[in-house]
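Summary of structural features
Given next are the chains, with one letter for each unit.
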Amino acid sequence: MIVAKALAKAAATLPLRRGLPDPHREAFFLLAAAWEIDEIRLRMWPEVSIAAEVEELFFRWVERRAAGEPAEHIVGRCSFWGRSFRVTPSVLIPRPETELMVQAALEATLPPRARVLDVGTGSGCLAITLAADRADWCVIGIDRSLDALQVARHNGVEHGVDVAWLWSDLVSSCGSAFDLVVANLPYIPTDWLPTLGVEISREPVLALDGGRDGLDLVRRLVGDLERILVPGGRCLLELAEDQADAVEELAQEQGLRPAGRRRDIGGCDRMVILEHS
Ligand SMILES: C[S@@+](CC[C@H](N)C(=O)[O-])C[C@H]1O[C@@H](n2cnc3c(N)ncnc32)[C@H](O)[C@@H]1O
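Below, the structure is looked at part by part. What you are looking at is a predicted structure, and each value in this text was computed from that prediction instead of being measured.

1. Some details on the sheet that holds strand 6 (residues 178–183)
One open sheet accounts for 7 strands, arranged 5-4-3-6-7-9-8; its pairing is mixed. Only two strands of the sheet have a single partner each, and these edge strands are strand 5 (163–167) and strand 8 (256–263). Between one strand and the next, the sheet's axes are offset by a mean angle of 20 degrees, whatever the strand orientation. In the sheet, strand 3 (residues 115–119) pairs with strand 4 (residues 138–143) via 5 bridges, with the strands oriented parallel. Each bridged residue has a counterpart across the sheet, and for Arg-115 the counterpart in strand 4 is Cys-138. Against the sheet, helix 6 (residues 99–107) contacts strand 6, strand 7 (229–238), strand 8 and strand 9 (269–276), and its axis sits at roughly 35 degrees relative to strand 9.

2. Focus: the site of the ligand
Around the ligand there are 24 residues in total, and Gly-120, Gly-122, Arg-144, Asn-184 and Ala-207 lie nearest to it. Elements supplying a minimum of two residues to the shell around the ligand: helix 7 (125–133) and strand 4. Of the residues assigned to the shell around the ligand, the class counts are 13 nonpolar, 8 polar and 3 charged.

3. Digging into the nonpolar core
One finds Val-181, Val-218, Leu-221, Leu-225, Leu-237 and Val-247 to be the most contacted residues of the largest nonpolar core, which totals 57 residues. Not counting chain neighbours up to four residues away, the residues in contact with Val-218 comprise Leu-185, Tyr-187, Leu-237 and Val-247. Residues Leu-7, Ala-10, Ala-27 and Ala-34 belong to the second largest nonpolar core, which totals 15 residues.

Calculation rules
- Residues numbered from 1 in each chain as written.
- Predicted model: local features only at pLDDT ≥ 70, side-chain atom pairs only at ≥ 80, totals over all residues.
- Pairing = 2+ DSSP bridges.
- Helix = DSSP H or I, 4+ residues; strand = E, 2+ residues; numbered from the N terminus.
- Axes fitted to C-alpha atoms, helices over the stretch in contact; angles between N-to-C directions.
- Contact = placed C-beta atoms within 7 Å.
- Near = placed C-beta within 6 Å.
- Nonpolar A, V, L, I, M, F, W, Y, C, P; charged D, E, K, R; others polar.
- Core = buried A, V, L, I, M, F, W, Y, C linked by C-beta atoms within 7 Å.
- Buried ≥ 20, exposed ≤ 12 C-beta atoms within 10 Å, placed from the backbone.

This is the structure:
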């Protein structure tokens, strides 16, 4: 079968629904991964015939995708800040909005050998990106999931970065004196979880469930920031769209200074910056 026909057949198989808004985009992603070529090359080859084994693998993947499995889980990879990361059902699939955290972290002026902590590291995408782009920073990635830490460690080796991976329930076992803390903790209110669709139901609850108002873990972390940050140190927190006011208020109660917000492309306040003054 030629590329154009396979893509059209796949796109027709993939149902239009929440979580799968663009069947053509998904078909491209899956075919490029099955063929192990990049999508740009695929776009230039509409008339090229696909090898039988690639075609068979591609349509098997399309069926799994149509049944609701996230494309990144099927392929086992996800792109984040221009790098490819291994992902498994034990980790959250890194989201584009989390790249806001990278942007803000890389803009920070930190001392040489700055100590940087990634709380709830998952696939390790944040810790690894920061360690790769700022080789002089000392980066620690922590998680409460041993399976996630295994994936993060694998990704760290693939990208050749020196990150210390630690099991820790929030910041209970990771030391102090950090210049920068980045945290994309679970922030979805428990009641919302069943409404979020089949794709999200395949991701780990531990990575999503933020308790009654979504802020259980954020509240705990904010309570520890003064202890673990150096004076002038900052924490970047990713949040749901309506949580920034509440988190800034919590932070002020703990003696921290709200030092800015970042909006995502949808215009929502997605990240807050808190400073230990
Ligand atoms: C929303 S995911 C973020 C993963 C990754 N940082 C990213 O941005 O793609 C949240 C992560 O926090 C971890 N987590 C949940 N509760 C935790 C806790 N009490 N202590 C440490 N990590 C926790 C989860 O296992 C999960 O990997």
